[in-house]
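# Structural overview
So you can see what is in the structure, the chains are spelled out below.
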Amino acid sequence: MKDEVTREDRVANLKGMGCSRKRVEDARFTQGKGNYVDDIKLDGMLFGDFVRSPYAHARIKSIDTAAALEVPGVLAVLTAADLEPLGLHWMPTLAGDKQMVLADGKVLFQGQEVAFVVAEDRYAAADGIELVEVEYEELPVIVDPFESLKSDVVLREDLVGKNGALPDGAHGPRKHHNHIFTWEAGNKAPTEEVIANADVVAEESMYYHRTHPCPLETCGCVASMDKVNGKLTLWGTFQAPHAIRTVVSLISGIEEHNIRVISPDIGGGFGNKVGAYPGYVCSVVASIVTGKPVKWIEDRMDNLMTTAFARDYHMTGKISATKEGKITGLQCHVTADHGGFDACADPTKFPAGFMNICTGSYDIPTAYLEVDGVYTNKAPGGVSYRCSFRVTEAVYFIERMVEVLAIKLNMDAAELRRINFIKKEQFPYTAALGWEYDSGDYHTAWDKALKAVDYEGLRAEQAQRVEDFKAGKTRKLMGIGLSFFTEIVGAGPVKNCDILGLGMFDSCEIRIHPTGSAIARLGTISQGQGHATTFAQILASEIGLPADSITIEEGDTDTAPYGLGTYGSRSTPVAGAATAMAGRKIRAKAQMIAAYLLEVHDNDVEFDVDRFVVKGAPEKFKTMKEIAFAAYNQAIPSLEPGLEAVSYYDPPNMTYPFGAYVCVMDIDVDTGVPEIRRFYALDDCGTRINPMIIEGQVHGGLTEALAVALGQEIAYDDMGNVKTGTLMDFFLPTAWEVPNYETDFTVTPSPHHPIGAKGVGESPHVGGVPCFSNAVQDAFRPFGNTHTNMPHDHWRIWRTANELGLHD
Ligand code: MCN
Ligand code: CUM
């Protein structure tokens, strides 16, 4: 007798939501069959590369390209003078500023693009670069934003009026010629009053240093102008291909239907690949000029020194509380170093991203935030690296402030958090700085985390360790790092989030084929997150076809519906919602087809896993596979043939994932070497689509958090030289440094998302950095430490021990 197929079998067969489905993209990645931009090779393709400035601030007296043009294989050298007649020597940035494509009269940071050499291959281009003679006149260099605001040196002469007047910037009046914007949230006077009259006030200044996402694959593109047909094709490492198409159209004047942007496989983005870079513009121009395809691929130094950096926030805070530890007010001032151009990739209305989530997971009645953006002689960028638009900075700030307050109150930091968490019944919760948190259950998550690590036991062990240290029995201290974070991801409601005027909705288009398989196309683009695996799982559950029978396609603007791309952990909250909604449209039509085939009324059939069943008669059903075929094969009265749907989804709110992390660390005070004994990470991202992928995201984000907290930095000397422009100096953790992570979860579905899912891609980084940092700081707390700045590399840890007198 044949084994009967149970309902459970049918569910399992779909590999839908909740299943740890293996990543379908890995077959090609692990067998060298990925197709990255540098794998694209076209007939007659040329290679372009930049002459870059060795100086951080200099006037350009002259550029002589004659010798370079003599190099065999060099075909052209573009300078600002060549781009100017086309109006392409400057380009708009996503932050409402403009940026030089090629140095126009001066350079503002080391590595800035000065000329673009186009040659038959990479080697000829490199030879040509050596022979372009640029005469520079050095100007005073400013690498400190505080000095910048006091300096007479005008960094951006282009922004100062003829009579020395200071026109407004994109975000209002500017206070000084090197000042970009002031952005405020909350209420200043009431917050100051609360803090002035509080029982207890803790104050701290901290620097969240400049770092870089450093994806394995650097940025690059191939531009191919087909002059006969008037079509431009642009392949590139774009996290937002449609937005790039629109930008290219607006600045080049080529009509948008004649531009095809393709993001092939991307080897990690982490926000580094959101913005538009001079390399894209120069490649397009070079292709138009030469009539041949032109490739531009950064090397590692180009990438680290010039493309979107991360952080560089100087934050000063005050936090007030009652004697019992109830937080009453929070004030934060940020001096934000944006480098030579404001090229942050934030939604237009948020020049400091979502920094106004800096009240964190706590019920803080009064708060005030002020951010000043400042120009310096450093590379532009600022929003990248699993940052959720500055939530990394916000969470680091509040999670340090809470620790500093705990010291001031002489309280346990876990307990201080617990008594201040927003309570489950307070959601939806409107925070003092404006956001409406959709859902959360912080106490449950916190209790679960503390129990899992035996928090009390750890504290007892730590106390014993301090005694042993004082008694000379050990030279190792023990730190317990805590962090609790609330993320805000899924930009965003079109009403308050746009990029260059494009509302931040996203999209999914589905075609069901006659034999019951399907293709779905989305406006997002995976860079390693596994979208081909997980979006098919959402659809499998929604439309009852196996995930293995559904192809997910992203990144080709000729085929994918318009979307705003992948960053800010927005793919699940926005495109994931569009996918579910498009799936439901398919299901609604399938229901009508099923009812017709089963000869009952539409309302008399119901969906069950992979089929429509006649209510009360489970033996009468049509599977989705049968329905798919019928859509193409039967003439159904008043129904169009075919089975397709599209959804453009404008989310009503962001989603607010959260998590509770604990790190246990030993620190050798004589070498400054930290050893991570344990790392526990509980994440709540609402409904979980693929637990294995979530775990992978958490591992990756935590590893990048470890990197940033414990050593990774883009450091400059006083001359504006980048001191960490290679992987010799820029810390990139390997398996050697990475501990074993214990992952855990709770599930608090988003009430407004069709499947209750929240984003997760950036959470582990947002929560991880303060957790690692707090572990270091906590080890030194018994010896009088309140705060030391990251990165906590061995030398800095050693120095802290030294300053606290632990080497005497
Ligand atoms: N997921 C899930 N269940 C949830 C939420 C997410 O199974 N409740 C899955 C998603 O289906 C998706 C992955 O987790 O496969 C990440 O989803 P999401 O949180 O929506 O984030 P995005 O897909 O929008 O990815 C962007 C995010 C960002 S902004 C950075 S930065 C970062 C990150 O992803 N860059 C990455 N993780 C990365 N991982 C890799 N490998 N490479 C990058 O460049
Ligand atoms: Cu801010 S890094 Mo991610 O948004 O690509």
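Residues numbered from 1 in each chain as written. Chains lettered and ligands numbered in written order. Predicted model: local features only at pLDDT ≥ 70, side-chain atom pairs only at ≥ 80, totals over all residues. Heavy atoms only, no water.

The next thing to look at is the environment of proline 770. With respect to the secondary-structure elements, proline 770 resides in helix H19 (residues 763-780). Residue proline 770 is classed as buried on the basis of its relative accessible area of 0%. (Helix = DSSP H or I, 4+ residues; strand = E, 2+ residues; numbered from the N terminus. Buried < 20%, exposed > 50% of the residue type's maximum accessible area, 1.4 Å probe, protein only.)

A word on the site of ligand 2. Taken together, the neighbourhood of ligand 2 is formed by Gln239, Phe270, Gly271, Ser384, Tyr385, Arg386, Cys387, Ser388, Tyr567, Gly568 and Glu762. Contacts to ligand 2 include glycine 271, whose backbone N or O atom sits 3.0 Å from an oxygen atom. Classifying every residue of the shell around ligand 2 gives four nonpolar, five polar and two charged. (Near = heavy atom within 4 Å. Polar contact = N/O pair within 3.5 Å; in protein donor to acceptor, adjacent residues only side chain to side chain. Nonpolar A, V, L, I, M, F, W, Y, C, P; charged D, E, K, R; others polar.)

Below, the discussion takes up the site of ligand 1. Residues in close proximity to ligand 1 total 32 residues, the closest being Gly269, His531, Thr572, Gln697 and Val760. Within the side chain of histidine 531, one N or O atom sits 2.6 Å away from an oxygen atom of ligand 1. Contact distances for ligand 1 include 2.7 Å between an oxygen atom and a side-chain N or O atom of serine 571. Taking 840 Å² as the accessible area of ligand 1 by itself, protein coverage stands at 96%. The class makeup of the residues in the shell around ligand 1 is nine nonpolar, 19 polar and four charged. Counting the residues that make up the shell around ligand 1, at least three belong to each of domain 1 (7-34 + 506-649) and domain 3 (310-491 + 654-803). (Areas by Shrake-Rupley, 256 points an atom, 1.4 Å probe, with all protein chains shown as cover. Domains from an automatic or database assignment.)

This part covers the domain arrangement of the protein chain. Size of an interface: often given as the accessible area lost when the parts come together. According to the domain assignment, the protein chain consists of domain 1 (7-34 + 506-649), domain 2 (37-139 + 218-266 + 273-306) and domain 3 (310-491 + 654-803). One C-alpha centre belongs to domain 1, the other to domain 3; they are set 38 Å apart. Counting residues at the interface gives 29 residues for domain 1, matched by 24 residues for domain 3. Summed over both sides, the interface between domain 1 and domain 3 buries roughly 1,800 Å², with carbon and sulfur atoms accounting for 65% of that surface. The interface formed by domain 1 and domain 3 contains zero salt bridges. Across the contact surface, domain 1 and domain 3 share 10 residue pairs in polar contact (both at pLDDT 80 or more). Contributions of two or more residues to the side of domain 1 that touches domain 3 are made by helix H15 (531-543) and helix H16 (571-598). (Contact = heavy atoms within 4.5 Å. Buried area = accessible area lost by both parts, 1.4 Å probe. Salt bridge = Lys/Arg side-chain N within 4 Å of Asp/Glu carboxyl O.)

Tracing the chain through its elements places isoleucine 244 in helix H8 (residues 241-252). Accessibility expressed as a relative area gives 6% for isoleucine 244, which makes it buried. Between the C-alpha atom of isoleucine 244 and that of alanine 58, which follows or precedes it by 186 residues, the distance is 31 Å. Setting aside its immediate chain neighbours within four residues, isoleucine 244 contacts Leu234, Phe238, Val261, Gly275, Ala276 and Tyr280.

The next point concerns the nonpolar core. Counting residues in hydrophobic clusters, the biggest one holds 148 residues, and the most contacted among them are Phe354, Met355, Leu369, Val371, Tyr437, Phe679 and Phe772. Each residue touching methionine 355, except ones within four places of it in the same chain, is listed here: Tyr313, Met315, Cys332, Val334, Leu369, Val371, Phe389, Arg390, Glu393, Ala394 and Phe397. One finds Ala532, Ile538, Leu545 and Ile755 within the second-largest nonpolar core, a separate group that totals 47 residues. (Core = buried A, V, L, I, M, F, W, Y, C linked by side-chain atoms within 4.5 Å.)

Let's shift gears to a nonpolar patch on the surface. Together, Leu216, Leu727 and Leu732 line one region of the surface with nonpolar side chains, adding up to about 290 Å² of accessible area. For leucine 732, the position within the fold is in the loop between helix H18 (691-710) and strand S33 (741-745). Classification of leucine 732 as partly exposed rests on a relative accessible area of 32%. (Patch = residues over 30% accessible without salt bridge, like charges linked within 9 Å, V, L, I, M, F, W, Y side chains within 5 Å.)

So, on to the side chain of serine 773. Along the chain, the position of serine 773 falls in helix H19. Ignoring sequence-local partners within four residues, the contact set of serine 773 consists of Tyr396, Arg400, Ala709, Met790 and His792.

A separate point is H8. In this model, H8 (12 residues) spans 16 Å end to end at C-alpha, consistent with the 16 Å of a helix rising 1.5 Å per residue. With nine of 12 residues buried, H8 lies mostly within the body of the structure. Restricting attention to buried positions, one finds in H8 the residues Pro241, His242, Ala243, Ile244, Arg245, Thr246, Val247, Val248 and Ser249. Within two residues after H8, glycine 253 carries a phi angle of roughly 80°, on the positive side. (Expected span 1.5 Å × (residues − 1).)

Attention now goes to the pattern of salt bridges. Going through the model one piece at a time under the given rule, you end up with 55 salt bridges. A salt bridge links lysine 758 to aspartate 438, with the shortest nitrogen-to-oxygen separation between them at 3.8 Å. Of this pair, lysine 758 sits in the loop between S33 and H19 while aspartate 438 sits in the loop between strand S20 (436-437) and helix H13 (442-452), placing them 320 residues apart in sequence. Neither lysine 758 nor aspartate 438 differs from the other in exposure class; each is buried. Counted as one network, the salt bridges with shared partners bring together Arg7, Arg10, Asp608, Asp610 and Arg611.

On to the sheet that holds strand S31 (residues 658-668). Taking strand neighbours across the sheet as the criterion, the four strands line up as S21-S31-S32-S33 in an open arrangement whose pairing is mixed. The open sheet terminates on both sides in strands that have one partner only, identified here as strand S21 (476-486) and S33. Sheet twist, expressed as the average angle between the axes of neighbouring strands with direction ignored, equals 15°. Two elements, S31 and strand S32 (residues 673-684), share 11 bridges in a ladder whose sense is antiparallel. For phenylalanine 658, the partnering residue across the bridge sits in S32 and is aspartate 684. (Pairing = 2+ DSSP bridges. Axes fitted to C-alpha atoms, helices over the stretch in contact; angles between N-to-C directions.)

Residues Glu120, Asp121, Asp127 and Glu130 make up a contiguous surface patch of negative charge. Among the secondary structure elements, glutamate 130 is positioned in helix H5 (residues 122-131). Using a relative accessible area of 65% as the deciding quantity, one classes glutamate 130 as exposed. (Lys, Arg positive; Asp, Glu negative; His and termini not counted. Charge placed at Lys NZ, Arg CZ, Asp CG, Glu CD.)

Turning our attention to the packing of aromatic side chains. Here the structure, examined in full by the defined rule, presents 35 aromatic pairs. Summarising the aromatic geometry, the rings of phenylalanine 350 and phenylalanine 354 are spaced 5.1 Å apart at their centres and angled 90° between planes, so their arrangement reads as edge-to-face. The same class applies to phenylalanine 350 as to phenylalanine 354, namely buried. Counting every residue linked through ring pairs, the aromatic cluster contains Tyr362, Phe421, Phe427, Tyr442, Trp446, Phe484 and Phe658. One residue, lysine 98, lies across the ring of tryptophan 90, its end atom 4.8 Å from the ring centre. (Phe/Tyr/Trp six-rings, centres within 6.5 Å; stacked < 30°, edge-to-face > 60°. Lys NZ or Arg CZ within 6 Å of the ring centre and 35° of its normal.)

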